[in-house]
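Chains, contacts and geometry: an overview
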Amino acid sequence: MGTREDEYDYLFKVVLIGDSGVGKSNLLSRFTRNEFNLESKSTIGVEFATRSIQVDQKTIKAQIWDTAGQERYRAITSAYYRGAVGALLVYDIAKHLTYENVERWLRELRDHADQNIVIMLVGNKSDLRHLRAVPADEAKTFAERNNLSFIETSALDSTNVETAFQNILTEIYRIVSMKQVPESPDYEGDVRPIRVEPTTSTSSFPSETAHDNLANVKKLCCNS
Amino acid sequence: MNDQSMVVNDNKGFWKKNSHNVPGRPSPKKSVFSSSSQSNANSSFQAYQASISDAWVIDDDEFCSPNVNISKKVAQSAALNVINNHKTKQFETSSSSRNSKVNESESSKIAKFNALLNLNLLNLEELRSLAWSGIPNQVRPDAWRLLAGYLPTSSERRQQVLERKRTEYWVFVKQYYDTDRDETYQDIYRQIHIDIPRMSPLMMLFQQKLVQEMFERILFIWAIRHPASGYVQGINDLVTPFFVVFLQEFLPVGTDLEQLDLSTLPKEQRDIIEADSFCCLSKFLDGIQDNYIFAQLGIQQKVNQLKDLIQRIDTNLHNHLLKHGVDYLQFSFRWMNNLLTREVPLRCSIRLWDTYLAESDDFAAFQLYVCAAFLLHWRQKLLRERDFQGLMLMLQNLPTSNWSDHDIGVLVAEAYRLKVAFADAPNHLSGSKTKR
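So, how was this worked out
Numbers given to residues run from 1 along each chain, matching the order in which its sequence is written. Here every chain gets a letter starting at A, and every ligand a number starting at 1, in the order they are written. Local features in this predicted model are restricted to residues whose pLDDT is 70 or higher, and side-chain atom pairs enter the listing and the counts only when it is 80 or higher, whereas totals over whole chains, interfaces and linings include all residues. Hydrogens and water are ignored here; the side-chain numbers use all heavy atoms of the structure. Between the N-to-C directions of two axes lies an angle of 0 to 180 degrees, each axis being a line fitted to C-alpha atoms and, for a helix, fitted only over the stretch in contact. Elements are defined by DSSP. Helices are runs of H or I of four residues or more, strands are runs of E of two residues or more, and each kind is numbered from the N terminus. Any angle that is under 35 degrees is reported as roughly parallel, and any over 145 degrees as roughly antiparallel; angles of 65 to 115 degrees are reported as roughly perpendicular and all others as oblique. Only heavy atoms enter the contact rule, under which two residues are in contact if any of them lie within 4.5 Å. Gly is placed with the polar residues, together with every amino acid not listed as nonpolar (Ala, Val, Leu, Ile, Met, Phe, Trp, Tyr, Cys and Pro) or charged (Asp, Glu, Lys and Arg). The term salt bridge refers to a side-chain nitrogen of Lys or Arg lying within 4 Å of a carboxyl oxygen of Asp or Glu. Only protein chains enter the calculation, and the probe is 1.4 Å; a residue is then buried if its accessible area is under 20% of its type maximum, exposed if over 50%, and partly exposed in between. Buried area counts how much accessible surface, traced with a 1.4 Å probe, disappears from two parts once they are put together, with both parts' losses summed. The definition of a polar contact used here is a pair of N or O atoms within 3.5 Å, where within protein one atom must be able to donate a hydrogen and the other to accept one, and adjacent residues in sequence count solely through side-chain atom pairs. What makes two strands pair is DSSP finding at least two bridges between them.

Focus on the packing of helix 1 (residues 24-33) of chain A against helix 6 (residues 161-179) of chain A
Relative orientation and spacing of two packed helices are given, respectively, by the angle between their axes and the distance between those axes. All names here are of chain A. Two elements in contact, helix 1 and helix 6, have axes separated by 9 Å at closest approach and are oriented at 85 degrees. As judged from the angle between their axes, helix 1 and helix 6 are roughly perpendicular. Packed against helix 1, whose contacting residues are Leu27, Arg30 and Phe31, the element helix 6 presents Val161, Glu162, Phe165 and Leu169 at the interface. Here the residues of the contact of helix 1 with helix 6 are counted per class, giving 5 nonpolar, no polar and 2 charged.

Details of the pattern of salt bridges
Residue and element names in this part refer to chain B. Going through the model one piece at a time under the given rule, you end up with 23 salt bridges over all chains. The partner of aspartate 195 in a salt bridge is arginine 198, and the shortest N-O contact between them spans 3.0 Å. For arginine 217, the salt bridge goes to glutamate 274, with nearest N and O atoms at 2.7 Å. Separated by 57 residues along the polypeptide, arginine 217 in helix 12 (residues 209-225) and glutamate 274 in helix 14 (residues 267-286) bring together distant segments of the chain. Taken individually, arginine 217 and glutamate 274 each receive the classification buried, so the pair is uniform in this respect. Through salt bridges with shared partners, one network takes in Asp142, Arg145, Arg166, Glu249 and Asp276.

Let's talk about the interface of chain B and chain A
Each partner contributes residues to the interface: chain B has 43 residues there, and chain A has 42 residues. Each partner contributes to the roughly 3,700 Å² buried at the junction of chain B and chain A, and carbon and sulfur atoms together form 55% of this total. Between arginine 334 of chain B and glutamate 47 of chain A there is a salt bridge, with the nearest N and O atoms lying 3.1 Å from each other. There are 14 residue pairs in polar contact (both at pLDDT 80 or more) connecting chain B and chain A.

A few points about the sheet that holds strand 3 (residues 58-67) of chain A
Adjacent strands of a sheet pair through backbone hydrogen bonds, lying either parallel or antiparallel. All names here are of chain A. An order of 2-3-1-4-5-6 is seen for the 6 strands of this open sheet, with the pairing classed as mixed. Either end of the sheet is taken by a strand with one partner, and the two such strands are strand 2 (46-55) and strand 6 (149-152). Averaged over all neighbouring strand pairs, the angle between strand axes comes to 25 degrees, with direction disregarded. Note: strand 5 (residues 118-124) against strand 6, 4 bridges, orientation parallel. Pairing of valine 122 across the sheet is with isoleucine 151, part of strand 6. Sheet contacts for helix 4 (residues 102-112): strand 1 (10-18), strand 4 (86-92) and strand 5; angle to strand 4, the most-contacted strand, approximately 160 degrees. Sitting on the sheet, helix 6 touches strand 1, strand 2, strand 3, strand 4, strand 5 and strand 6, and the angle it makes with strand 1 is about 130 degrees.

It is worth stressing that arrangement in space is one thing and function is another; only the former is reported here.
So this is what it looks like as structure tokens:
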């Protein structure tokens, strides 16, 4: 896979999902470029960004896919769940509906993502204290019940953004470094290495998702 | 390089086959049609009928005013046109002596447009071929209304159709927007309401409440009247060119949109801008509705076509993208969904719309070639990128901020060249498929 300018020990693909307007793109721009736009354009399809962090003296490169929140885009965006080892499921603490839809997003992940994907529930816009519609305790309980980690963030004032990404990447790293058997890429049984190949090596065209009826789409075997 | 040699190799066949066509002109089918109808114009009633057929089939008009005698009104308007033409010409040439050459061609273009637009019975084909390479600002609003099929070709009926359509729009608004909305409509409204404020966050004009409400109504009514697709994020960006062009119609030339307070415009004018934007958007989107239906099949299909096309045209670039794991869907989805509005500045989108509208029904197919030309435009830069990350970041944010009309002119001309070379002869380059 030849030339890579920046060296890294691990490459983790992470997706940002959740309803429209909850602040996914701003979480991403805050984390990768330390930028925030009060009115950033809606994401069309998917957008990509990347950043590397250090965990245990290892360089972990996060390849983050920001997805469009509108339902109509689901067929397109779900194709990007494949190969993702982490997901930030974002809702807006000031909009209860976006929290109610979390269950639907979990179902999406169950249907389209790797079953071992690490999911973090993220209540964004924590700066909007006076408008809070989702109690932190309630979301925390929900997260525990569903085996998700949980954090509240504010992309606007930067609260916990770094921590959120740091936590999920560390969690993924722990799982990978525990489970991975580096010398033998073949594995048996129910232990699946969660490490993804560098994305540069997989030429994947989304085909196995909701649109099998499409002509011209190359059938690729799923990555199991 | 690869693609050039291919085209050169095939030049003979290419020119023979499309002897009427020159790159930069509208689609071959149409030119063939118009040239044949020209040559037979005197002999064939069918050709004549075909050439004027759109005068009668426009929409749901029940009646057509008999248009036999030259009325006083027509004679008067023709005279006025001549005077106006002279006026604009004089104004253009006298106002700027520096770029007189540019302005001369610009003003002669305006004159050509005016002559066409003011004909009693407009020849739509002529308008298309004239508009394809760009429409001067002064005549753009009417040209767009005609190209979109919103205005009838018969000049006598235009005012009447305009008034009726505009009224119709406001009836829709009253019926759907100003009333209590049921739950499904509420979902649509919610999505639109989230998207409008963040549409063009850097332009003050689009932060004005009045403007945002206009967009909301346009999109909401459109979505309700097109239940198969409904509102899809990105369609909001497609309203903007129409809105700006119809807005500028009421502003003195050179008005800075950034400084404009829309509430200074009379309500009647704002209502016209809104209704016309809606009507033209509706006509415009008719040809690409499958882009926005469930699973966005139209776009998925076009993305696959783009992939096949690039593979044939530029194997090096295609393999380069493939080698680094870049999937066409990852970058070209937005190009297709938003018709490149997110990739080029607004002024360029407007210029691009000239060509899209001139392409008429074929514009869905043509857009594929525009995307191909757009991708190929950056091939050198892309080939220099050495990894997935570099490629993706570049493709998501191509440096077009200083693009002008000229760049769009080059882009669509190249798209046209590709279309002629590839769409009309799907197999003649099949040899290039063999990978090296």
